[in-house]
Each structure stands twice: as C-alpha cells, then as structure tokens.
Amino acid sequence: MKRVIALGAATAALAGGVAFSSVGVAEAASQHTVAVADHGGKHRCHVVKGHWTKTWHKATRDRHGRVHPGYWTKTWHKARKVCDR
C-alpha cells in the first residue's frame, strides 16, 4: 500500500513540474517579441533588441557592522520599439 501511495505522489509531482515548466517556457518565449516597427507618417521607429548587462552592486555594511563584499549580477533588458519624432 505504501508503494502505491509513493508512486502516486511521485506521478503527481512529476505532472506538476511539467505543467510549471511549460508555463515558464511560454512566458519566456513571449518576452523577446516586439511589434514590428511602423515606418508610416513622420515617426521613424526601430526595434532595439533585448540584451544583457552586467550590474555591479557595491559592498555594504549590515546593521551588525559586518561588511558584505560587492558582487556582479546580470540584468535582462527586454526588446522595445523606439520612435523618433
């Protein structure tokens, strides 16, 4: 009986993980798309592609006086449409 319950729990956990991973993939795919640039009228528009930047976080001192060293992080900047008038 314990084996059946364990197998059922493992199956439910696996199915839940698949559902979450498919939602994550759908969200990740939609972040990198931008509407096509409009070239009509007096506006000059172009699409700036998404890109990664490195950001430095300075060393800090916490409330106990201990110093925590600085560190780098990567930040994703989404693609966007830029129009000059």
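See the structure printed just above.
Here the structure is a predicted model, which is why all the values come from computation and not from measurement. (Residues numbered from 1 in each chain as written. Predicted model: local features only at pLDDT ≥ 70, side-chain atom pairs only at ≥ 80, totals over all residues. Heavy atoms only, no water.)

A. Molecular detail of the overall build of the protein chain. Counting its regular elements, the protein chain contains one helix and six strands. Written out in order from the N terminus, the α and β elements of the protein chain read α-β-β-β-β-β-β. A burial count over the protein chain gives 4% of its 85 residues as buried. The contacts in the protein chain between residues at least 6 apart in sequence include a share of 54% that link residues at least 24 apart. Surface summary for the protein chain: the accessible area is close to 7,700 Å², and the carbon and sulfur share equals 62%. (Helix = DSSP H or I, 4+ residues; strand = E, 2+ residues; numbered from the N terminus. Buried < 20%, exposed > 50% of the residue type's maximum accessible area, 1.4 Å probe, protein only. Contact = heavy atoms within 4.5 Å. Areas by Shrake-Rupley, 256 points an atom, 1.4 Å probe, with all protein chains shown as cover.)

B. Seen up close, the state of the cysteines. Summed over all chains, the structure comprises one disulfide. In this model, Cys 45 is linked to Cys 83 through a disulfide, with the two sulfur atoms separated by 2.0 Å. For the disulfide bridge between Cys 45 and Cys 83, the dihedral angle about the S-S bond is near 105°, and by the sign convention the bridge is right-handed. A residue pair is termed long-range when its members are at least 10 positions apart, and Cys 45 in strand β1 (residues 44–48) and Cys 83 in strand β6 (residues 80–84) qualify at 38 residues. Exposure remark for Cys 83: the relative accessible area of 38% places this residue in the partly exposed category. (Disulfide = S-S within 2.5 Å.)

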